[in-house]
Amino acid sequence: TAAQGVVFWIDPASSADGGTTGSAGRIMSLDEGDPMYWGPWGVTVVGFSDWNDGLRNMKGAYETLGNSFDTALAFKWAHDRNPQGTTYQTGMTGAWYLPAEGEFGAISTTFNDYGRDAFNSLLTGAGGTALSDTKYWTSTEAYGHGISHNPYTNGSGAGFPSPKQYSVRAIMAF
């Protein structure tokens with residue numbers, strides 16, 4: 001089976017050795033979406049501001065936007081990786097989604113702690129695209145706009161208006 005992503009977090013509760021092995025965690029997609037808009041321009045969207053649960057944000061965005069991601073391209077990019085009819089519920093596994101700010105923070109922590117070059121080598125060695133020194137959209141909303149995150153600086157940008165275009169990565173719980 002071909003690799004789907006790179007593990008960036010192991011749930012310590014699923015680990016007998018404190019976190020280096022385990023049966024539950026998160027993987028990041030091997031590929032990334034080209035820079036795109038977070039959400040519909042000129043429309044303030046609220047209701048998905050969870051800092052640590054991108055699945056909850058995906059569900060909130062879907063419901064807020066009329067059960068469609070057609071106007072929210074960053075969400076749509078992650079959603080389109082799943083089988084038709086995928087719904088999002090906290091705690092589910094096996095579905096790709098746009099990470100919440102805290103989840104992208106975990107990607108950044110692993111990226112910087114493991115070593116940027118080593119982490120990017122894992123991505124490219126599995127046929128993927130290296131993380132770049134750019135901003136990525138998260139699913140977390142603040143003040144009606146998306147929050148971006150740069151893995152190189154491990155910094156977020158709260159409330160950037162949606163006409164900005166940033167790259168996207170999807171994550172999946174296992």
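Since this is a predicted model, take the numbers as computed values, not measurements.

Enquirer: Please explain the sheet that holds strand 9 (residues 171-173) as it appears in this structure.
Expert: By definition, the strands of a sheet pair up through backbone hydrogen bonds, in either a parallel or an antiparallel sense. Taken in spatial order, the four strands make up an open sheet running 1-2-9-4, and their pairing is antiparallel. Either end of the sheet is taken by a strand with one partner, and the two such strands are strand 1 (5-10) and strand 4 (96-97). Two elements, strand 1 and strand 2 (residues 25-29), share five bridges in a ladder whose sense is antiparallel. Within strand 2, the residue paired with V6 across the bridge is M28.

Enquirer: Please clarify how the environment of E32 should be interpreted in this entry.
Expert: Examined against the element boundaries, E32 turns out to sit in the loop between strand 2 and strand 3 (33-37). Considered as a pair, E32 and T129 are 97 residues apart in the sequence and their alpha carbons are 7.0 Å apart. Other than its neighbours up to four places away in sequence, E32 contacts W77, T129, A130, L131, S132, Y136, S167, V168 and R169. Reaching out from E32, the side chain makes a polar contact with the side chain of Y136 at a distance of 2.7 Å. A polar atom in the side chain of E32 sits 3.0 Å from the side chain of R169.

Enquirer: For this particular structure, what's the right way to read helix 1 (residues 54-64)?
Expert: Count 3.6 residues to each turn of an α-helix, and residues three or four apart come out pointing the same way. Within the span of helix 1, buried status applies to G54, L55, N57, M58, G60 and A61. Looking at the buried positions of helix 1, the neighbouring elements they touch are helix 2 (73-79), strand 4, helix 3 (101-114) and strand 5 (136-142). Two or three places before L55, at the opening of helix 1, D53 has a side-chain oxygen 3.1 Å from that residue's backbone nitrogen.

Enquirer: In this structure, what is going on with the environment of G94? I would like to understand it.
Expert: Considering the arrangement of structural elements, one finds G94 in the loop between helix 2 and strand 4. Look at G94 and you get partly exposed, because its relative accessible area is 47%. Sequence separation between G94 and M172 is 78 residues, and the spatial gap between their C-alpha atoms is 6.0 Å.

Enquirer: Got a minute to help me understand the packing of helix 3 against helix 4 (residues 116-125) in this structure?
Expert: When two helices pack together, you describe them by how their axes are tilted relative to each other and by the distance separating the axes. For the pair helix 3 and helix 4, the least separation of the axes is 5 Å and the interaxial angle reads 110°. With respect to helix 4, the axis of helix 3 lies roughly perpendicular. Along the contact surface, helix 3 presents T110, F111, N112 and Y114, while helix 4 presents R116, A118, F119, N120 and L122. The class makeup of the residues in the contact of helix 3 with helix 4 is five nonpolar, three polar and one charged.

Enquirer: I'm lost on the nonpolar core in this one. Help?
Expert: Across soluble globular proteins, you tend to see nonpolar side chains buried next to one another. M28, M58, F75 and L131 are the most contacted members of the largest nonpolar core, which has 36 residues in total. Apart from the residues lying within four places of it in its own chain, the contact partners of F75 are W38, F48, N57, M58, A61, F69, L98 and S139.

The rules behind each value
Residues numbered from 1 in each chain as written. Predicted model: local features only at pLDDT ≥ 70, side-chain atom pairs only at ≥ 80, totals over all residues. Heavy atoms only, no water. Pairing = 2+ DSSP bridges. Helix = DSSP H or I, 4+ residues; strand = E, 2+ residues; numbered from the N terminus. Contact = heavy atoms within 4.5 Å. Polar contact = N/O pair within 3.5 Å; in protein donor to acceptor, adjacent residues only side chain to side chain. Buried < 20%, exposed > 50% of the residue type's maximum accessible area, 1.4 Å probe, protein only. Axes fitted to C-alpha atoms, helices over the stretch in contact; angles between N-to-C directions. Parallel < 35°, antiparallel > 145°, perpendicular 65-115°, else oblique. Nonpolar A, V, L, I, M, F, W, Y, C, P; charged D, E, K, R; others polar. Core = buried A, V, L, I, M, F, W, Y, C linked by side-chain atoms within 4.5 Å.

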